[in-house]
Amino acid sequence: MMDNAQETVAGTVGDDVRTVHRLRVIGEHKRQAVCGASDPGGVTDVWLRAVNCPACLTTDSHREA
């Protein structure tokens, strides 16, 4: 179960597998990029890679994913 803390993970959005975003975990199977990047189908994949999205790296809610 999730608590009130905003958990983040590193991952990709949609078909772009080169840009790794910081993804906020919203629900059990739902994640959203901190920078606002989105896919119409809501597809995100978690990766064990370093975040490289410049917008995600410069957000105030910076936490290591």
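All of the points below concern the structure found in this document. (Residues numbered from 1 in each chain as written. Predicted model: local features only at pLDDT ≥ 70, side-chain atom pairs only at ≥ 80, totals over all residues. Heavy atoms only, no water.)

**Re the overall build of the chain**
Link 1 in the chain: A count of helices and strands for the chain gives one helix and four strands.
Link 2 in the chain: Walking the chain from its N terminus toward its C terminus, one meets helices and strands in the order β-β-β-β-α.
Link 3 in the chain: A buried classification covers 29% of the 65 residues belonging to the chain.
Link 4 in the chain: Across the chain, the fraction of contacts at a sequence separation of at least 24, relative to all contacts at a separation of at least 6, is 49%.
Link 5 in the chain: Here the chain displays about 4600 Å² of accessible surface, and carbon together with sulfur accounts for 50% of that area. (Helix = DSSP H or I, 4+ residues; strand = E, 2+ residues; numbered from the N terminus. Buried < 20%, exposed > 50% of the residue type's maximum accessible area, 1.4 Å probe, protein only. Contact = heavy atoms within 4.5 Å. Areas by Shrake-Rupley, 256 points an atom, 1.4 Å probe, with all protein chains shown as cover.)

**So, the sheet that holds strand β4 (residues 44–46)**
Link 1 in the chain: Here four strands make up an open sheet; going across it, the order is β3-β2-β1-β4 and the pairing antiparallel. Of all the strands in the sheet, just β3 (30–33) and β4 have a single pairing partner and so form its edges. When the angles between neighbouring strand axes are averaged without regard to direction, this sheet yields 50°.
Link 2 in the chain: The pairing of strand β1 (residues 8–13) with β4 spans three bridges and is classified as antiparallel. Residue T12 lies in a different strand from β4, and its bridge partner there is D45. (Pairing = 2+ DSSP bridges. Axes fitted to C-alpha atoms, helices over the stretch in contact; angles between N-to-C directions.)

**Quick look at the pairing of strand β2 (residues 16–27)**
Link 1 in the chain: Relative to β2, β1 runs antiparallel, the two sharing five bridges. Within β2, the position partnered with V13 by the bridge is D16.
Link 2 in the chain: Between β1 and β2, which pair antiparallel and follow one another directly, the connecting turn spans two residues, one of which, G14, has a positive phi of 65°.
Link 3 in the chain: Bridge count for β2 against β3 is four bridges, and the pairing is antiparallel. Bridge assignment links G27 to a residue of β3, and that residue is K30.

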